[in-house]
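Residues per chain are reported as follows:
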Amino acid sequence: MRTRHNSELMADFKVFASHRREWLQEHAGQFVVVHKGEVAGFYDDYATGLHAGITTFGVKSRFLVQQVYEDLVPAT
């Protein structure tokens, strides 16, 4: 069961990773909620995105809440 949930979250993260640059155009700094490979919405802060995910999918459901950000530059 844990493996299935991990693979679902990895699939959601892959959706995020593949669209991140595209989303930067209109959603930079916002938080995206992804569930089962589908975007559920964009929110201005983590708490609002988390609340929306729980309200929509349930407290026992797995979903990704991830900030849309630019590439991080490593410190030198």
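Residues numbered from 1 in each chain as written. Predicted model: local features only at pLDDT ≥ 70, side-chain atom pairs only at ≥ 80, totals over all residues. Heavy atoms only, no water.

Quick word on a nonpolar patch on the surface
Link 1 in the chain: A surface patch of nonpolar side chains, about 360 Å² in accessible area, is lined by Tyr-46, Leu-50, Ile-54 and Val-59.
Link 2 in the chain: Along the chain, Ile-54 falls in helix H2 (residues 46-57). (Patch = residues over 30% accessible without salt bridge, like charges linked within 9 Å, V, L, I, M, F, W, Y side chains within 5 Å. Areas by Shrake-Rupley, 256 points an atom, 1.4 Å probe, with all protein chains shown as cover. Salt bridge = Lys/Arg side-chain N within 4 Å of Asp/Glu carboxyl O. Helix = DSSP H or I, 4+ residues; strand = E, 2+ residues; numbered from the N terminus.)

Quick notes on the nonpolar core
Link 1 in the chain: Core analysis: the largest hydrophobic core is formed by 8 residues, namely Val-15, Phe-16, Trp-23, Leu-24, Val-32, Val-34, Leu-64 and Val-68.
Link 2 in the chain: Residues within four places of Val-15 in sequence aside, it is in contact with Trp-23, Val-34 and Gly-37. (Core = buried A, V, L, I, M, F, W, Y, C linked by side-chain atoms within 4.5 Å. Buried < 20%, exposed > 50% of the residue type's maximum accessible area, 1.4 Å probe, protein only. Contact = heavy atoms within 4.5 Å.)

Things to note about H2
An α-helical segment advances 3.6 residues per turn. Residues three or four places apart therefore align on the same side.
Link 1 in the chain: Along its 12 residues, H2 runs 16 Å from first to last C-alpha, staying within 8% of the 16 Å computed at 1.5 Å per residue.
Link 2 in the chain: Inspection of H2 places Gly-49, Ala-52 and Gly-53 among the buried residues, and these make up the whole buried set. The buried residues of H2 all sit within an arc of 100 degrees when viewed along its axis, so they share a single face. Across H2 from its buried face, at more than 90 degrees, point the exposed residues Ala-47, His-51 and Thr-55.
Link 3 in the chain: Where H2 is buried, its residues meet strand E1 (31-35), strand E2 (38-43) and strand E3 (64-67).
Link 4 in the chain: Regarding H2, its N-cap is Asp-45, as a side-chain oxygen of that residue lies 3.3 Å from the backbone nitrogen of Ala-47 further along.
Link 5 in the chain: Following H2 by one or two positions, Gly-58 adopts a phi angle in the positive range, close to 100 degrees. (Expected span 1.5 Å × (residues − 1). Arc of directions from axis to C-beta. Polar contact = N/O pair within 3.5 Å; in protein donor to acceptor, adjacent residues only side chain to side chain.)

Examining the packing of aromatic side chains
Link 1 in the chain: Under the criterion given, the structure shown has 6 aromatic pairs.
Link 2 in the chain: Between Phe-16 and Trp-23 the ring centres are 6.3 Å apart and the planes differ by 50 degrees, which places this aromatic pair in the tilted class.
Link 3 in the chain: Classification of Phe-16 by relative accessible area gives buried; the value is 1%.
Link 4 in the chain: Seen from their ring centres, Phe-31 and Tyr-46 are 6.0 Å apart, and the 75 degrees between their planes marks the pair as edge-to-face. In this pair, Phe-31 is assigned in strand E1 and Tyr-46 in helix H2, connecting sequence segments 15 residues apart.
Link 5 in the chain: Taking the relative accessible area as the measure of exposure, Tyr-46 reaches 42% and is therefore partly exposed.
Link 6 in the chain: A connected cluster of aromatic rings, assembled from ring pairs, spans Phe-13, Phe-16, Trp-23, Phe-42 and Tyr-69.
Link 7 in the chain: The cationic tip of Arg-20 hangs over the ring face of Tyr-69; the distance from NZ or CZ to the ring centre is 5.4 Å. (Phe/Tyr/Trp six-rings, centres within 6.5 Å; stacked < 30°, edge-to-face > 60°. Lys NZ or Arg CZ within 6 Å of the ring centre and 35° of its normal.)

Read these as layout, nothing more, since geometry by itself doesn't imply function.
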